[in-house]
Amino acid sequence: MIIVLRLGHRIDRDKRITTHVALVARAFGAEKILVDNEDHSLERRIESIVNRFGGDFEIETGVNWKKFIKKWKGKIIHLTMYGLPLSRVIDEIRKEKDLLVIVGSEKVPREIYNLADYNISISNQPHSEVSALAIFLDRYFQGEWERKRYNGIIEIKPSRKGKEVIDKLPTAEECIDILRKVGCSENVIEHCKKVREVALKIASCTDADKRIVEVGALLHDIGRSRTHGIEHGIEGAKIARELNMPDVIIRIIENHLGAGIPREEAEKLGLPPKNYVPKTLEEKIVAHADNLVDDNQVIEIEDEIRKQIEKGNIDYAERLRKLHDELSRICGKDLNDLLKEK
Ligand code: SAM
């Protein structure tokens, strides 16, 4: 696993360059970027690229890097013009599988030079974190990035002239046809339509991608064609993969249960060990719209929370409350009130 750590991000000045550090990390093979200072609009920009272009690259901002480095088990690479030449150590580094690659912005704290297993220079001339990271990842992966295939909602066809782009997102009508074809009952289809209506209403007061929300909501219960058990999210994701659906839709289906199922709970439930928690805004909206629809009627979240507390599902009830509050905050009003509006 390659994780990039971006230090010294200044929200007001580094909007473009940190976005580019993240895009380079994604395009050239890293799995995740951590950014020291909290920046939700940066998170959304990257999420939206991942949603459209595919893959499962992740971003986390507001990261306490000292704590993270303390727990990190792999090697630490710091890119700096004061370090050893890349060519001298790259073969040795290539033997390592888990790397934390640190790039700075203005001045990197002195202790990073000591914490790093390798301080590496990409020439000893000053240039930029974007170029340094791109060259490091290219040399580490030896051009492997060129063979990587993405499963986005848009696909670019290489062309000598002009722009050729294929849109792979099904229409709403196609989604309903797909649900019927895979064997969903009319009840399930009606439920999916209601969840679409609620999800689009929530999405309307956010900057979420409305097409992704609509398709995700319509297909979220596709797995009910095989089972109505807790595993219908995972089964649904399998069906979506077989149908060559974009990654963003597969993730919405897989992470839509309740307010998400964290890895430890998934293990207890006998599900394949994985974190099934909705991460992007679109995933959260569909998961929560489903929480707010019972028997094709819109309910108040308090009813569901009370029900879960009575059943002893305290952690789940808390996750529901947190998700409801987070989306209400983004919408600028309580979702219970929003959904009563005509
Ligand atoms: N004086 C700073 C330093 O400590 O390297 C330069 C700041 S530079 C604008 C921002 C970042 O770009 C650095 O923290 C480093 O990660 C990267 N960088 C710039 N030039 C580099 C080089 N020649 N080799 C490796 N990394 C470089």
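Here the structure is a predicted model, which means the values were calculated and not measured.

### A look at helix α4 (residues 86-94)
Turning to α4, its buried residues number three or more, namely Leu-86, Val-89, Ile-90 and Ile-93. Down the axis of α4, the smallest arc covering the buried residues is 125°, so these residues share one side. Within α4, the exposed residues directed more than 90 degrees away from the buried face are Ser-87, Arg-88 and Asp-91. Taken together, the buried residues of α4 touch β4 (75-85), β5 (99-103), β6 (118-121) and α6 (129-141).

### Remarks on the layout of surface pockets
By volume, the largest pocket amounts to about 1400 Å³. For the lining of the largest pocket, the per-class residue count stands at ten nonpolar, seven polar and 22 charged.

### As for the environment of Val-298
Checked against the element boundaries, Val-298 lands in strand β10 (residues 297-298). Note: C-alpha distance between Val-298 and Ile-178 (120 residues apart in sequence) is 25 Å.

### Topic: the pairing of strand β1 (residues 2-6)
In terms of burial, β1 is largely enclosed, as five of its five residues are buried. The two faces of β1 match: Ile-2, Val-4 and Arg-6 on one face and Ile-3 and Leu-5 on the other face are all buried. Alignment of β1 against β5, held across five bridges, turns out to be parallel. When the bridges of β5 are listed, Arg-6 appears paired with Val-103. At this point the chain moves from β1, through helix α1 (residues 15-27), to the parallel strand β2 (residues 32-35), and the crossover so formed is right-handed.

### Things to note about the packing of aromatic side chains
Enumeration according to the criterion identifies four aromatic pairs in this entry. With 5.0 Å between their ring centres and 90° between their planes, Phe-28 and Trp-145 make a pair best called edge-to-face. Here the residue Phe-28 occupies a position in the loop between α1 and β2, and Trp-145 occupies one in the loop between α6 and β7 (154-157), the gap between them amounting to 117 residues. Between Phe-68 and Trp-72, the ring centres sit 5.7 Å apart and the planes meet at 25°, which makes this aromatic pair stacked. Of the residues examined, Phe-68 reaches a relative accessible area of 23% and is grouped as partly exposed. A relative accessible area of 16% places Trp-72 in the buried class. For the cation-ring pair, Arg-110 lies above Tyr-113, with the distance from its terminal atom to the ring centre recorded as 5.0 Å. The ring of Tyr-150 carries Lys-148 above its face, with NZ or CZ at 4.9 Å from the centroid.

### Re the site of the ligand
The immediate surroundings of the ligand are formed by 19 residues, with Leu-79, Ser-105, Ile-122, Ser-123 and Gln-125 found nearest. One of the backbone N or O atoms of Ser-123 is found 2.8 Å from a nitrogen atom in the ligand. Separating a nitrogen atom of the ligand from a backbone N or O atom of Gln-125 is a distance of 2.6 Å. Coverage of the ligand by the protein chains reaches 85% of its 550 Å² of free accessible surface. Of all the secondary structure elements, the ones that give two or more residues to the shell around the ligand are β4, β6 and α6. For the shell around the ligand, a count of residues per class yields nine nonpolar, eight polar and two charged.

Reading the values: the criteria
- Every chain's residues receive numbers from 1 upward, in the order its sequence appears when written.
- Given that this is a predicted model, residues contribute local features only at a pLDDT of at least 70 and side-chain atom pairs are listed and counted only at 80 or more, while totals for whole chains, interfaces and linings are drawn from all residues.
- Hydrogens and water are ignored here; the side-chain numbers use all heavy atoms of the structure.
- Exposure categories follow from relative accessible area, calculated using a 1.4 Å probe and restricted to protein chains: below 20% of the type maximum is buried, above 50% is exposed, and the middle band is partly exposed.
- In this description a helix means any DSSP run of H or I spanning at least four residues, a strand means any run of E spanning at least two, and both kinds are numbered starting from the N terminus.
- Read the arc as the range of directions from the helix axis to the C-beta atoms.
- The contact definition used throughout considers only heavy atoms, calling two residues in contact when any of these lie within 4.5 Å.
- Whether a set of points on the 1 Å grid over the protein atoms alone is a cavity depends on a 1.4 Å probe fitting there but being unable to get out, while an open set qualifies as a pocket with protein on both sides within 12 Å along at least five of seven lines; lining residues are those with an atom within 4 Å of a point.
- Grid points are joined across faces, edges and corners, and a volume is the space filled by probe spheres set on the points.
- Residue polarity follows a fixed list, in which Ala, Val, Leu, Ile, Met, Phe, Trp, Tyr, Cys and Pro are nonpolar, Asp, Glu, Lys and Arg are charged, and the others, Gly among them, are polar.
- When DSSP finds at least two bridges between two strands, those strands are taken to pair.
- Look down the strands so they point away from you; if the path from the first strand over the helix to the second goes clockwise, the crossover is right-handed.
- Here a pair means two rings of Phe, Tyr or Trp (six-membered ring of Trp) with centres within 6.5 Å. Their orientation is stacked below 30 degrees between planes, edge-to-face above 60, and tilted elsewhere.
- Whether a charge sits over a ring comes down to the Lys NZ or Arg CZ being within 6 Å of the ring centre and within 35 degrees of the ring normal.
- Proximity is defined per residue: if any heavy atom of the residue lies within 4 Å of a molecule or strand, that residue is considered near it.
- Definition of a polar contact: a pair of N or O atoms within 3.5 Å, with one able to donate and the other able to accept a hydrogen when the atoms are protein atoms, and with sequence-neighbouring residues admitted only if both atoms are side-chain atoms.
- We get accessible surface area from the Shrake-Rupley algorithm with a probe of 1.4 Å; when it comes to residues, only the shown protein chains can shield them.

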